[in-house]
Amino acid sequence: MERKPLQGRGIVVTRPAAQAERLAALVSAAGGRPFLFPAIEIERLPERPLPRLEEFDLAVFVSPTAVECAFERIKHAGVPVAAVGSGTRRALQALGAREVLAPETGADSEALLELPELHEVAGKRILIVRGEGGRELLADTLAARGARTEYLECYRRMLPHADIAPLIAAWDRGEIDAVTVSSTASLDNLITLLGVPRLSARPLFVNHARVAERAREVGIPELVVAGPGDEETAEALVAYFASRAMGNRQEDTQENRQPEGQAPESPRPRRRTSWLLLCAVLLSAALATVFWLDARQRIDATQQELARRLRDIEADAREARSVARQSEEAQRDTRAKLVQLETRLAESQSQQLALEALYQELSRNRDEWQLAEIEQVLAIASQQLQLAGNVRAALLALQLAEQRLARADRPQFVPIRRALARDIDRLKTLPTLDLGGMSMRIDNLAAQVDTLPLAFDERAERSPPAKEAAADERGFWSRLSAEVWNELRQLVVVRQVGNAEPPLLPPSQAYFVRENLRLRLLSARLSLLARDEAGYREDLRRAQLWIQRYFDPRSKQTAAALNQLKQLSSTTVSFELPSITESLEAVRGYKSRRERQPG
């Protein structure tokens, strides 16, 4: 019986469960025993709203998993497709894609970017369908060439939950001869599950030089870069084990071959020669022992240093993975927010398109056109009412709609008119609030702050003119003594008061008191316009306290200002606004019923 190339060889296939059948079949056909252990699990992400596919010039699929997860959703749009590698191209063709742009050799982003079709992409929109995370080379290079790229992430790579005990048991029994790895994520998961020492004991067959570089970084010595497809991996396995089998047969042949035509020479013992030979042997043994001990010490030191460096590398790798994980989480959050923004933008664009379609459909009859206008007016009025609290605009919109329906005088509009009447009654029952008049009164009070008299305004006392004239008639020494006495008497002023006096303010502080009072009044006006009743009442209350404390309460201007503040603070500026959704729902319900009617 002919011996197959992989006869008796145990090969670990680590592709995802849905993609491992082909490679396992090729290994079995070559006589090997495949051990299926998916080193990575694929979790589909919840389906997110698709962008406007007709606006894209190309959709690039980075893996067969991306094709499986997303191609059915976008193939109806007729967008040209491209694939990173032959495996992804075969997956697209299996699902019905006819013309697939893919490199003939290579299975990575670099090979795809070398195609002439992807060099002239300025102004084009390209959709990249991939898993969560991954390399940014493709998008960055296309963006540098002038293209606008967007991601559609449809799956997530996860650590497998399968039981690894059977694989470890087979490994320890010596039934595993090689391991195949198809991605860097799969390699990292295998390192986590099996460890570097166990993986280093078997040859590792990878599909890309980038995966081999990662394996060298963690210390795996024996690597074979097979190729991107399952056929290339199977061919590399066959060639590797065939060469090893041939080498073993050559060694066995050389060991069993005996020299011909030579007769054993009969030893001629000589005593002196024997002693010299014995001394040389002993000396050689001693030197060999010394060299062996020295080499052993060096090897031990080298192994310890290598182990220490491996520990440091593993610690750095763990830290780098932790930082990368945090970065991926931050990117995931950013992408989620970006998706939300894109969703809102798509909603806005859809609303804009609906509005444009509303104006372009001139072929509709009079009733449909009139209802469309009324619906638009009511929608704008509802937004004004809820966002700006513009009751007058909402009331005018409802009355306008009622007038148009009344002119039409059609019985089918009666339910809509009833809903409009109820909403109009609710808006009319709202309390009226003269925001303009109240704001003007507050502005007038702020303008009168500079004219309000302070409660305690110390003024220097002056002598009557008669006394000054009499003083002029006295002598020099009499006038001098009188002026000195007046100056000394003005240095200290003692008064007896029966109640607490307001504070004495120098001119600079009096200026700041007036400015702070004016700022309080302006803040109350802003709270009034914003319908912040708590802030509005607090600002007016503080303004009243300041006027009562620092300004003359006997002044008519002060009393008038306090009276106006009391009137303003007694007015309610915030109240719950009703909605006009009943009228909107009545109009939309009538339109939907009309559209469902046949003909």
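Residues numbered from 1 in each chain as written. Predicted model: local features only at pLDDT ≥ 70, side-chain atom pairs only at ≥ 80, totals over all residues. Heavy atoms only, no water.

A.B. asks: For the overall build of the protein chain, give the residues involved together with the corresponding values.
C.D. replies: Along the backbone of the protein chain there are 21 helices and twelve strands. Taking all 599 residues of the protein chain together, 34% fall into the buried category. Of the contacts formed within the protein chain by residues at least 6 apart in sequence, a portion of 67% connects residues at least 24 apart. Split by element, the accessible area of the protein chain, about 38,300 Å² in all, is 53% carbon and sulfur. (Helix = DSSP H or I, 4+ residues; strand = E, 2+ residues; numbered from the N terminus. Buried < 20%, exposed > 50% of the residue type's maximum accessible area, 1.4 Å probe, protein only. Contact = heavy atoms within 4.5 Å. Areas by Shrake-Rupley, 256 points an atom, 1.4 Å probe, with all protein chains shown as cover.)

A.B. asks: Which residues make up the pattern of salt bridges, and what are the values?
C.D. replies: All chains considered together, the criterion is met by 28 salt bridges. The salt bridge partner of arginine 214 is glutamate 217, with a shortest N-O separation of 3.5 Å. Placement of both arginine 214 and glutamate 217 in helix α9 (residues 209–218) is noted, with a separation of three residues, approximately one turn of the helix. A relative accessible area of 15% means that arginine 214 is categorised as buried. Residues aspartate 539 and arginine 520 are paired through a salt bridge, measuring 3.0 Å at the closest nitrogen-oxygen approach. Taken together, the residues aspartate 539 in helix α19 (residues 533–550) and arginine 520 in helix α18 (residues 507–529) connect sequence positions 19 residues apart. Assessed through its relative accessible area of 6%, aspartate 539 is described here as buried. Residue classification places arginine 520 among the partly exposed positions, given a relative accessible area of 25%. Residues joined by salt bridges that share partners form a network here, namely Arg52, Glu54, Glu55, Arg125 and Glu150. (Salt bridge = Lys/Arg side-chain N within 4 Å of Asp/Glu carboxyl O.)

A.B. asks: An account of the confidence of the model for the protein chain is requested, with residue identities and associated values reported.
C.D. replies: With 84% of its residues at a pLDDT of 70 or more, the protein chain shows a mean pLDDT of 79. When the criterion is pLDDT under 50, residues 257–269 qualifies, and its contacts beyond four places in sequence or with other chains add up to zero contacts. Taken together, the stretch residues 458–466 has pLDDT below 50 and engages in six contacts with residues farther than four places along the chain or on a different chain. (pLDDT = per-residue confidence, 0-100.)

A.B. asks: An account of helix α1 (residues 21–29) is requested, with residue identities and associated values reported.
C.D. replies: Here α1 has its buried residues at Leu23, Ala24 and Val27. For α1, the angular spread of buried residues about the axis comes to 100 degrees, placing them on one side. Exposed side chains of α1 directed beyond 90 degrees from the buried face belong to Glu21 and Ala29. Once α1 ends, the next one or two residues include glycine 31, with phi positive near 95 degrees. (Arc of directions from axis to C-beta.)

A.B. asks: Can you tell me about the state of the cysteines, naming the residues and giving the values?
C.D. replies: Going through the model one piece at a time under the given rule, you end up with zero disulfides. No disulfide involves cysteine 69; its nearest neighbouring cysteine sulfur is the one of cysteine 154, lying 4.6 Å away. (Disulfide = S-S within 2.5 Å.)

A.B. asks: Report on the nonpolar core, specifying residues and quantitative values.
C.D. replies: In this structure, Val181, Leu187, Leu190, Leu204 and Ile220 are the most contacted members of the largest nonpolar core, which totals 25 residues. Secondary structure elements with two or more residues in this core: α6 (165–172), β10 (178–181), α7 (184–194), α8 (196–200), β11 (204–206) and α9. Not counting residues up to four positions away in its chain, the partners in contact with leucine 187 are Val181, Leu204, Val211, Arg214, Ala215 and Ile220. (Core = buried A, V, L, I, M, F, W, Y, C linked by side-chain atoms within 4.5 Å.)

A.B. asks: Just give me the short version of the sheet that holds strand β5 (residues 81–83), but keep the residues and values in it.
C.D. replies: Read from one edge of the open sheet, five strands run β6-β5-β4-β7-β8, paired in parallel fashion. Edge positions in the open sheet fall to β6 (100–101) and β8 (148–153), since each of these has one partner strand only. The pairing of strand β4 (residues 58–61) with strand β7 (residues 125–130) spans four bridges and is parallel. Looking at β7, one finds that alanine 59 is bridged to leucine 127. Strand contacts of helix α3 (residues 86–94): β4, β5 and β6, with the helix running at about 145 degrees to β5, the strand carrying the most contacts. (Pairing = 2+ DSSP bridges. Axes fitted to C-alpha atoms, helices over the stretch in contact; angles between N-to-C directions.)

A.B. asks: Break down a nonpolar patch on the surface for me, citing the residues and quoting the values.
C.D. replies: Residues Phe476, Trp477, Leu480, Val484, Trp485, Leu488 and Leu491 make up a contiguous nonpolar surface patch of about 850 Å² in total accessible area. Residue position: phenylalanine 476 is located in helix α17 (residues 476–491). For phenylalanine 476, a relative accessible area of 52% translates into the label exposed. (Patch = residues over 30% accessible without salt bridge, like charges linked within 9 Å, V, L, I, M, F, W, Y side chains within 5 Å.)

A.B. asks: An account of the pairing of strand β1 (residues 10–13) is requested, with residue identities and associated values reported.
C.D. replies: Here β1 shows no split at all, with Gly10 and Val12 on one side and Ile11 and Val13 on the other all buried. As judged from the four bridges shared by β1 and strand β2 (residues 33–36), these two strands associate in the parallel manner. Its bridge partner being in β2, isoleucine 11 is matched across the sheet by proline 34. One ladder, built from three bridges, connects β1 with β10; its direction is parallel. Note that in β10 the partner of valine 13 across the bridge is threonine 180.

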